[in-house]
Amino acid sequence: MPKALPRVFIHGHFAPQNFEFCWLDWLQRNSHPAQGLDQGALLERYIPSPLLRRVLWHGFQRSLVALVSRGFIRQAVAFQPHLVIVVSGHLVSSAALQTVRERTGAVLFHFYGEDFFNPLNTNRTLRESAHHYDHLFTTKSFNVQEMADAGIRNATYLPHGYRPNCHYPLEPSQAERDEYGSDLTFIGTWEADRASTLAQLTEFDLRIWGADWERAGRWQGRSGVVQKRAVYCGEMSKVFNASKINLAFLRKANRDLHTSRTFEIPACGGFQLSERTGEVLGFFEEGKEIECFGSVEELRDKVNYYLRHETLRKQIASAGLARARNSPYSYTDRLQTILGYFGR
């Protein structure tokens, strides 16, 4: 008789662009009894005002922790899982974890895609509750030893990935190329160092998509560069495929050595020009599956070169897509790695 599949409870965010969405979908399609608690939807139900939620987040997090922890206990205990996976558990208290463990017997895992030791990311609740999980997974390789030094010795490095439901190749129509395309594209949130680098590329046909770019104002005297909105899933793939060169920057404050964009651009079939790190080069071969830069001068030189060499640019994009598809780089692959730790 086949072994029964574990009941899995995921606490996170479940919009289609969130990897928790594809995790839950994969589990259910593969006959795992699975349930998700959408933290964002829970907060919206009890605190409808976005302004009030922001005020509470920045000044009164204890009330949010109490609200989310109650919902977490209620739904997890009702579901009676064998495994609980909490994603970015800023609002799940250590007391809530202990209660769920005692009342369900579940194994408790945590997944975190940010730098655990960046104070802009973590809060007191997450730092305290980290000691109460049976295992933690971090996308920051350097965090593993740092967490061990802080007394958290059950952490494993697990890279970012791409979401198969969102990131796939497509052929944009001419209208979509006009709407989404450019010679040079960046998708990502505004940060000062990114803005500084992009400001040195004003000679190119550039478009920028993402949050907070209103801080940049009218981009270097040019209109139409900053799109003033984020793009996700199929729309993101349209941008990657309609653009000739897709830039990938790393967050310095997060000490990034790779990001989800490392995988998303090639998974969509786009040509990627990324900041160079050892981790990035461990996933894709430079000059064959990806291109990289280490300075603004090298970045500008490679943009000029690949704008002139369309055939080579398309060959690299195609090889990057093949590498992404033939490697365990998706977030569902990451989930299967996590499941492999259950029962150890």
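Glancing now at helix α14 (residues 310-325). An ideal rise of 1.5 Å per residue puts 22 Å on 16 residues; α14 measures up with 23 Å between its terminal C-alpha atoms. For α14, the full list of buried residues reads R313, I316, A317, G320, L321 and A324. Taken end-on, α14 shows its buried residues confined to a sector of 140°, consistent with a single buried face. When the buried face of α14 is taken as reference, the exposed residues oriented beyond 90 degrees from it are T311, K314 and R325.

What follows is about the side chain of Q272. By the secondary structure assignment, Q272 is in strand β10 (residues 272-275). Within polar-contact distance, the side chain of Q272 engages the backbone oxygen of T262 at 3.1 Å. Excluding its chain neighbours within four sequence positions, the residues that come into contact with Q272 are N246, A248, R261, T262, I265, P266, I290 and E291.

Here we take up the sheet that holds strand β9 (residues 245-248). If you walk across this open sheet you meet the five strands as β8-β7-β9-β10-β11, and the pairing is parallel. Each of the sheet's edge strands pairs with one partner strand only, and the pair in question is β8 (206-209) and β11 (291-293). Within this sheet the neighbouring strands show an average axis-to-axis angle of 25°, counted without direction. Examined bridge by bridge, strand β7 (residues 184-187) and β9 share three bridges and lie parallel to one another. In the sheet register, L184 faces β9, and the bridge partner there is I245. Sheet strands touched by helix α13 (residues 296-308): β7, β9, β10 and β11. Its angle to β11, the strand with the most contacts, is close to 150°.

This part is about the pairing of β9. The two faces of β9 match: I245 and L247 on one face and N246 and A248 on the other face are all buried. Of the strand pairs in this sheet, β9 and β10 are connected by three bridges, and their pairing is parallel. Looking at the pairing, L247 lines up with L273 of β10. Each parallel crossover has a hand, and for β9 linked through helix α11 (residues 261-267) to β10 it is right-handed.

Bringing the state of the cysteines into the picture now. For the structure shown, the criterion picks out one disulfide. The disulfide that involves C166 links it to C233, with 2.0 Å between the sulfurs. One end of the pair, C166, is in the loop between β6 (155-157) and α8 (174-180); the other, C233, is in helix α10 (residues 233-242), and 67 residues separate them in sequence. Exposure remark for C166: the relative accessible area of 1% places this residue in the buried category. With no disulfide of its own, C22 has C166 as its nearest cysteine by sulfur position, at a separation of 7.7 Å. When its relative accessible area of 4% is taken as the criterion, C22 is described as buried. For the unlinked cysteine C268, the closest cysteine sulfur is that of C166, found at 8.7 Å. Here C268 falls in the buried class, since its relative accessible area comes to 0%.

Glancing now at the sheet that holds strand β3 (residues 83-87). Spatial ordering of the open sheet is given by β2-β1-β3-β4-β5-β6, a layout of six strands whose pairing is parallel. Both edges of this open sheet fall to β2 (34-38) and β6, since each of them pairs with a single strand only. Looking at each pair of strands side by side, their axes are set apart by 20° on average, direction ignored. Relative to β2, strand β1 (residues 8-12) is paired through five bridges, and the arrangement is parallel. Bridge assignment links I10 to a residue of β2, and that residue is G36. Contacting β1, β2, β3 and β4 (107-112), helix α1 (residues 19-29) crosses the sheet at an angle of about 165° to β1. Running over the sheet, helix α2 (residues 39-46) touches β1 and β2 and is turned about 45° from β2.

All right, on to α2 then. The complete set of buried residues in α2 reads Q39, G40, L42 and L43. Here the buried residues of α2 occupy an arc of 160° about the axis, which is enough to place them on one side. Those residues of α2 hidden inside the fold are in contact with β1, β2, α3 (50-59) and α4 (61-79). The distance from a side-chain oxygen at the start of α2 to the backbone nitrogen of G40 is 3.0 Å, and the residue carrying that oxygen is D38.

Bringing the environment of L321 into the picture now. Tracing the sequence through the fold places L321 in helix α14. For L321, a relative accessible area of 14% translates into the label buried. Spatially, the C-alpha atoms of L321 and E264 are 9.6 Å apart, while their sequence positions differ by 57 residues. Leave out the neighbours within four places in its chain, and L321 touches P169, P266, A267 and G269.

Cut-offs and rules
- Residues numbered from 1 in each chain as written.
- Predicted model: local features only at pLDDT ≥ 70, side-chain atom pairs only at ≥ 80, totals over all residues.
- Heavy atoms only, no water.
- Helix = DSSP H or I, 4+ residues; strand = E, 2+ residues; numbered from the N terminus.
- Expected span 1.5 Å × (residues − 1).
- Buried < 20%, exposed > 50% of the residue type's maximum accessible area, 1.4 Å probe, protein only.
- Arc of directions from axis to C-beta.
- Polar contact = N/O pair within 3.5 Å; in protein donor to acceptor, adjacent residues only side chain to side chain.
- Contact = heavy atoms within 4.5 Å.
- Pairing = 2+ DSSP bridges.
- Axes fitted to C-alpha atoms, helices over the stretch in contact; angles between N-to-C directions.
- Right-handed = clockwise from strand over helix to strand, strands pointing away.
- Disulfide = S-S within 2.5 Å.

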